Amino acid sequence: MSNLSTKHLLGIKELTAADINLILNTADSFKEVINRPIKKVPSLRDITIANLFFENSTRTKLSFELAEKRLSADVINFSSSSSSVKKGETLIDTVNNILAMKVDMVVMRHPNPGAAVFLSKHVDAKIVNAGDGAHEHPTQALLDAFSINEKLGNIKGKKIVIVGDILHSRVALSNIFCLQKLGAEVMVCGPTTLIPKYIASLGVKVGHNLREALEWCDVANMLRIQLERQEIKYFPSLREYTMLYGLNKELLNSLSKKIIVMHPGPINRGVEITSDVADSDQSIILEQVENGVAVRMAVLFLLAGRV
Ligand code: CP
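Residues numbered from 1 in each chain as written. Predicted model: local features only at pLDDT ≥ 70, side-chain atom pairs only at ≥ 80, totals over all residues. Heavy atoms only, no water.

1. Quick look at helix α3 (residues 91–99)
Argument step 1. Buried within α3 are the following residues: L91, I92, T94, V95, I98 and L99. Down the axis of α3, the sector holding all buried residues measures 160 degrees, keeping them to one side.
Argument step 2. Looking at the buried residues of α3, the elements they touch are β1 (48–53), β2 (74–79), β3 (105–110) and α4 (115–122). (Buried < 20%, exposed > 50% of the residue type's maximum accessible area, 1.4 Å probe, protein only. Helix = DSSP H or I, 4+ residues; strand = E, 2+ residues; numbered from the N terminus. Arc of directions from axis to C-beta. Contact = heavy atoms within 4.5 Å.)

2. Section: the pairing of β1
Argument step 1. For β1, a buried count of six out of six residues is recorded, marking the element as mostly surrounded by other parts of the structure.
Argument step 2. The side-chain alternation of β1 yields two buried faces, one formed by T48, A50 and L52 and the other by I49, N51 and F53.
Argument step 3. Direction of pairing for β1 relative to β2: parallel, over a ladder of six bridges. The residue bridging L52 from the neighbouring strand is F78, located in β2.
Argument step 4. Regarding the hand of the β-α-β motif, the stretch spanning β1, helix α2 (residues 59–70) and β2 is right-handed. (Pairing = 2+ DSSP bridges. Right-handed = clockwise from strand over helix to strand, strands pointing away.)

3. Regarding the state of the cysteines
Argument step 1. Counted by the stated rule, this structure contains zero disulfides.
Argument step 2. Just so you know, C178 is unpaired, no disulfide at all, and the nearest cysteine sulfur is the one on C217, 17 Å from it.
Argument step 3. Judged by relative accessible area, C178 falls into the buried class, the value being 0%.
Argument step 4. Looking at C189, it has no disulfide partner, and the nearest cysteine sulfur is the one in C217, 9.6 Å off.
Argument step 5. Given the relative accessible area of 0%, C189 is considered buried. (Disulfide = S-S within 2.5 Å.)

4. What about the domain arrangement of the protein chain?
Argument step 1. What the domain assignment reports for the protein chain is domain 1 (17–137 + 289–304) and domain 2 (138–285).
Argument step 2. Placing the centre of domain 1 and that of domain 2 at their C-alpha centroids yields a distance of 26 Å.
Argument step 3. On the side of domain 2, 27 residues touch domain 1, which itself brings 28 residues to the contact.
Argument step 4. For the pair domain 1 and domain 2, the summed buried area comes to about 2,200 Å², and 61% of that belongs to carbon and sulfur atoms.
Argument step 5. Per-residue buried area on domain 1 facing domain 2 is highest for I20, L24 and H137; these three make up 28% of the total on that side.
Argument step 6. Run the count over domain 1 and domain 2 and you get two salt bridges.
Argument step 7. Among the salt bridges present, the one from E150 reaches K31, with a minimum N-O distance of 2.8 Å.
Argument step 8. Where domain 1 packs against domain 2, one counts 12 residue pairs in polar contact (both at pLDDT 80 or more).
Argument step 9. Going through the elements one at a time, α1 (17–34), α2, β3, β4 (126–132) and α11 (285–304) are the ones with two or more residues in the side of domain 1 that touches domain 2.
Argument step 10. In the side of domain 1 that touches domain 2, the residues fall into 11 nonpolar, nine polar and eight charged. (Domains from an automatic or database assignment. Buried area = accessible area lost by both parts, 1.4 Å probe. Salt bridge = Lys/Arg side-chain N within 4 Å of Asp/Glu carboxyl O. Polar contact = N/O pair within 3.5 Å; in protein donor to acceptor, adjacent residues only side chain to side chain. Nonpolar A, V, L, I, M, F, W, Y, C, P; charged D, E, K, R; others polar.)

Below is the structure:
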């Protein structure tokens, strides 16, 4: 198969396992490209891509921009904080004005769940969801899957635990869909208040004891506590959260096997993960970031249909 089954990338839920494997295999080729002395290919010449960020981002924004430039696309960047959104312009009006400048694809991060789906129904361009509220972050899950595959050789049958603030995490939901479609076993682990009640219905294990979860897994994906999305207190204090769910070197070294440690970033050093774990040889955090460029190149290339 050489084409995706979808026109847009709105979430992992809508992708087939074949779509995901096609993206990961294509990303393999692009990883080779970005490690060459000349890192650029002409694949998306004459394609114009708008990156619309209505919410803060470091990794995703820069990674998409670099992926687009490596593919020779023309790129325009929009940040809501310095735009006419501040004067009351709606999302649809903003995007239609940008599309009037002959834009082919839109990469959008938005604080509202469903914003990417909404846009795909109202504008005539290919939409890539770069994170919509606590809903999905599909390219993060794809780069996480690529990184696990690269490290372990396969995802099928592997055990991955996602630790922490599952309730507010688009990374958790996209990872659950992606890893399960690729045949992994998934557990979520955290305080009861940060694990949504519906999550077991997705077929994941639920745990509340970090040591037990780490002994079970091959890979631990440590999530950031998203204080900016929490309107009420979900645990007594950050100190208590760290004592129960923070990963430190002593705990990591005491496990019966060597596990891989991941984090989507940004890290709260000393909260969900200590610096000596984040910077250890068991951490693949910066490899995740490196792989993000290749994975996003693959997504953009496949959606553009230049196969
Ligand atoms: N992982 C991630 O989405 O990071 P940013 O918010 O910096 O893009």
